[in-house]
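# Coordinate analysis (summary)
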Amino acid sequence: MSLTGRPLVVVANRLPVSRNGDAWRPSAGGLVTALRPVVQQVDGHWVGWDGGLSEVPTRVEGFEADMHPIAMTDAEVDDHYYGFSNRTLWPLFHDLLAEPVYDRQWWRTYEKINLRFADAAADLDLDDPVFWLHDYHLLVAAAMLRDRLPDATIGLFLHIPFPPPELLSRLPWIDQLLDGMLGADAIGFHTEWYRENFVRSVQRTRRDVTVSGDLIHLPDGRSVHTAAHPISIDVSEFSRLATADDTRRELAELRQQFDGRKVVLGVDRLDYTKGIRHRLQAIEQLLVDRPDLQDQFAFVQIAVPSRDDVQEYRDLREQVEYMVGHINGRFTDPGQDVPIHYLYRGVPKTRLAAYYRLADVMAVTPLKDGMNLVAKEFVTVQHAARDEEGQEAGVLLLSEFTGAALEFVDDAIMCNPFDVQSLAARMAQSLTFDAEDRRNRITSMAEDVADKDVFKWVEEELATITSDPRAVRVS
Ligand code: ADQ
């Protein structure tokens, strides 16, 4: 059945709008950008947490969907968002990079909040809507929505990895979690590996299902479609940004600042999954191994503040800042600039694009990452800058533990970020590639991204959820 004429209800942890003073505007996130053209075409609705802001308007200029805010008390946010979502599921789904906490109170609140979202979506009382649920904060809402509306069309997309059953089985509520997800008609993952992990987990915990191809058949006669749909970026937006006047101005300033030095760049949320500590260790190793490079390159790390109500994230920030100070103290000679420039903040998009253009090496080295959009943004900006302004291309140094690795394995310099010595060697190697090789690699990756931009992802997801290959056309 097509989406034509049917309402689309997006259910996600946060509403797609934020307040600046008295003015409301669409948020800058990737999902908001991805869905903007679709909600313009259909009767769009968005159910999400109001972020503690009251009086969210029903409509916000620039995003054509009705807002349906969900309120949570501070205690509920602590248990649902900071607790179960970010201290249980997040580390468990990212290969136990931190120790997950299993807390019954958090689980109960997680269920309660999922029910609140499911009820709010069901209460909209729309004519034959398509529900599209997002991410790990709402994994059991699909079955709750199915309870209320047995014939509803429900899709779920997971933005983070799905762990192998050997890890997932540590979760005391694994049965409820998987049953909750199986309430959907279609479940999307970034990669085939995550999809297989999910199917294997279901097969291990439920003896009453059969699997054929991408379908999981349930005893009640329903079938759940599983799919690997890698998310992407708005390629035309980043191509435009690459040569925007503001970007050019910012780039000129940065080039002056780093004159004569190569630049290695890291851009991440400050999260322990992103491998920032290992990256800094590799920089230190590189400076030990190659003293000749000391005044030849700079490492710029831009880290966006993230989840700083969670202890692990506060600890990480302290460790990163200690390491930056330690390395700069150790490797800066009098009269010399420091080797590491560390910015603890988000930067505007034109400045981000200027940094992407400046970088000789983009270090995307997470220990585990569902996809990683920074890698796609970097190759797109670099490619557009070369096309329009003849800029020489940089190199993408990419962790094999990202979803993006599956798409870029032939053209990125692949690395295992746990192996700090070899990571340092790969960084040194990345600084030496010849111009033509770099250009060919960036071109090939950027063309792949352009072939499958974020609007293609929306089309593929909605086609699978609705079982209609032409559900929407947005690209
Ligand atoms: P994230 O973990 O947030 O997303 P990522 O995919 O890299 O990771 O997206 C980060 C976004 O934030 C990018 O668009 C980037 O430009 C922006 N950003 C990062 N640092 C910034 C800075 N200092 N200033 C401004 N902007 C900055 C989760 C999953 C990923 C998955 C996405 C989408 O963890 O694996 O790719 O969702 O599904």
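To be clear, the structure that these remarks concern was listed above.
Residues numbered from 1 in each chain as written. Predicted model: local features only at pLDDT ≥ 70, side-chain atom pairs only at ≥ 80, totals over all residues. Heavy atoms only, no water.

What follows covers the site of the ligand. Around the ligand lies a shell of 22 residues, among which His-159, Val-347, Asp-369, Met-371 and Glu-377 are the nearest. In the environment of the ligand, an oxygen atom lies 2.8 Å from a nitrogen or oxygen atom belonging to the side chain of His-159. Take Gly-370: an N or O atom from its main chain is 3.1 Å from an oxygen atom of the ligand. Relative to its free-state accessible area of 720 Å², the ligand is covered by the protein chains to the extent of 81%. Those elements that provide at least two residues to the shell around the ligand are strand E12 (262-269), strand E13 (297-304), helix H12 (349-358) and helix H13 (373-389). (Near = heavy atom within 4 Å. Polar contact = N/O pair within 3.5 Å; in protein donor to acceptor, adjacent residues only side chain to side chain. Areas by Shrake-Rupley, 256 points an atom, 1.4 Å probe, with all protein chains shown as cover. Helix = DSSP H or I, 4+ residues; strand = E, 2+ residues; numbered from the N terminus.)

Taken as a whole, the second largest pocket spans an internal volume of roughly 250 Å³. For the lining of the second largest pocket, the secondary structure elements donating two or more residues are E12 and H12. Class assignment for the residues of the lining of the second largest pocket results in 5 nonpolar, 4 polar and 8 charged. (1 Å grid on protein atoms, 1.4 Å probe; cavity = no way out; pocket = protein on both sides within 12 Å on 5 of 7 lines; lining within 4 Å. Points joined across faces, edges and corners; volume = space filled by probe spheres on them. Nonpolar A, V, L, I, M, F, W, Y, C, P; charged D, E, K, R; others polar.)

The subject of this paragraph is the environment of His-383. Among the structural elements, His-383 can be located in helix H13. With 57 residues separating them along the chain, His-383 and Asn-440 place their C-alpha atoms 9.9 Å apart. Not counting residues up to four positions away in its chain, the partners in contact with His-383 are Ile-442, Thr-443 and Ala-446. (Contact = heavy atoms within 4.5 Å.)

Once that is clear, we can look at the pattern of salt bridges. A side chain with one charge can pair with a side chain of the opposite charge if their charged atoms come near. Summed over the entire model, instances satisfying the criterion amount to 38 salt bridges. Note that Asp-179 is salt-bridged to Arg-206, the shortest N-O span being 2.8 Å. In this pair, Asp-179 sits in helix H6 (residues 174-181) while Arg-206 sits in the loop between helix H7 (192-205) and strand E9 (210-212), placing the two residues 27 residues apart along the sequence. Note that Arg-206 and Asp-208 form a salt bridge whose closest N and O atoms lie 3.1 Å from each other. (Salt bridge = Lys/Arg side-chain N within 4 Å of Asp/Glu carboxyl O.)

What follows concerns the sheet that holds strand E7 (residues 153-157). Strand order in this open sheet of 9 strands is E5-E4-E1-E6-E7-E8-E11-E10-E9, and the pairing throughout is mixed. Of all the strands in the sheet, just strand E5 (65-70) and E9 have a single pairing partner and so form its edges. Along the sheet, successive strands turn relative to each other by an average axial angle of 20°, direction set aside. (Pairing = 2+ DSSP bridges. Axes fitted to C-alpha atoms, helices over the stretch in contact; angles between N-to-C directions.)

The rolling of a water-molecule-sized probe over the atoms marks out the regions of remaining empty space. Evaluation of the coordinates by the stated rule reveals 1 cavity of 30 Å³ or more. As a volume, the largest cavity reaches approximately 30 Å³. Together, Gly-394, Val-395, Leu-396, Asp-411, Ala-412, Ile-413, Arg-438, Arg-441 and Met-445 line the largest cavity. Of all the secondary structure elements, the ones that give two or more residues to the lining of the largest cavity are strand E16 (395-399) and helix H16 (435-451). Looking at side-chain class alone, the lining of the largest cavity contains 5 nonpolar, 1 polar and 3 charged residues.

Turning our eyes to something else, we now look at the pairing of strand E11 (residues 223-228). Bridging between strand E8 (residues 186-189) and E11 involves 4 bridges; their strand directions are parallel. Residue pairing in the sheet places Ile-187 in a bridge with Thr-226 of E11. Where strand E10 (residues 215-217) folds back on E11, the antiparallel hairpin that results is connected by 5 residues, among which Gly-221 adopts a positive phi of roughly 95°.

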